[in-house]
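Close look at the chain arrangement
Listed below are the residues making up each chain.
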Amino acid sequence: MSEFEQKVLKLLEDINGKLDSLLKGGPAASSPSPAISSSAPTPAATSEISRLKPSELVEKQKEEERLEEKPPVEGRRVCPECSGTAFNTVEDKSQVLHQMGGVKIYAKKYVCRSCGYEM
Ligand SMILES: [Zn+2]
């Protein structure tokens, strides 16, 4: 190994040590578990999670909740004839969506409770 390569290696080791102490938030010497740091560095997954701020985690959770709370489609229907919002759901026997083993699944249609308009 050339002198240059040894110098580079030494530098890399120095950087590695500094990174270690930065990740642990203090000098490596104060670590209570030297066995872990020598055998395997901190798993990538753990450091990934710890990089997220608590506020970011909360935001993520809120976003997931929003995705689950989609408004039901039924509640948004408005009759074009009388502007009524109450509908009966009936099977449209003229439209077979799916047929399997003699069981037919029909398309659904909505009948306005006020004027009987079908949509
Ligand atoms: Zn209507």
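Look up: the structure comes first, before these words.
First, a word on scope: everything that follows refers to the structure included in this document. (Residues numbered from 1 in each chain as written. Predicted model: local features only at pLDDT ≥ 70, side-chain atom pairs only at ≥ 80, totals over all residues. Heavy atoms only, no water.)

Overview of the coordination of the zinc ion
Those donors, Cys79 (SG), Cys82 (SG), Cys112 (SG) and Cys115 (SG), are the protein atoms that reach the zinc ion, and they lie 2.3 to 2.4 Å from it. Relative to the metal, the four donor atoms surrounding the zinc ion lie at angles of 103 to 118 degrees, and the coordination shape comes out tetrahedral. All donors of the zinc ion come from a single chain, and their spacing in sequence reads C-x2-C-x29-C-x2-C. Accessibility expressed as a relative area gives 2% for cysteine 79, which makes it buried. (Donors = N, O, S within 2.8 Å, 3.2 Å for Na, K, Ca; no water. Tetrahedral: all angles 85-135°; square planar, octahedral: opposite > 155°, others 65-115°. Buried < 20%, exposed > 50% of the residue type's maximum accessible area, 1.4 Å probe, protein only.)

Focus: the environment of cysteine 112
Of note, cysteine 112 is situated in strand β2 (residues 103-112). When its relative accessible area of 3% is taken as the criterion, cysteine 112 is described as buried. Separated by 30 residues in sequence, cysteine 112 and cysteine 82 have C-alpha atoms that sit 8.7 Å apart. Every residue in contact with cysteine 112, bar those within four places of it in the chain, is listed here: Cys79, Cys82, Ala86, Phe87 and Tyr117. (Helix = DSSP H or I, 4+ residues; strand = E, 2+ residues; numbered from the N terminus. Contact = heavy atoms within 4.5 Å.)

Quick look at the packing of aromatic side chains
With the rule as written, the count across this model stands at zero aromatic pairs. Across the ring face of tyrosine 110, the terminal group of arginine 77 is positioned such that the distance to the ring centre comes to 3.5 Å. (Phe/Tyr/Trp six-rings, centres within 6.5 Å; stacked < 30°, edge-to-face > 60°. Lys NZ or Arg CZ within 6 Å of the ring centre and 35° of its normal.)

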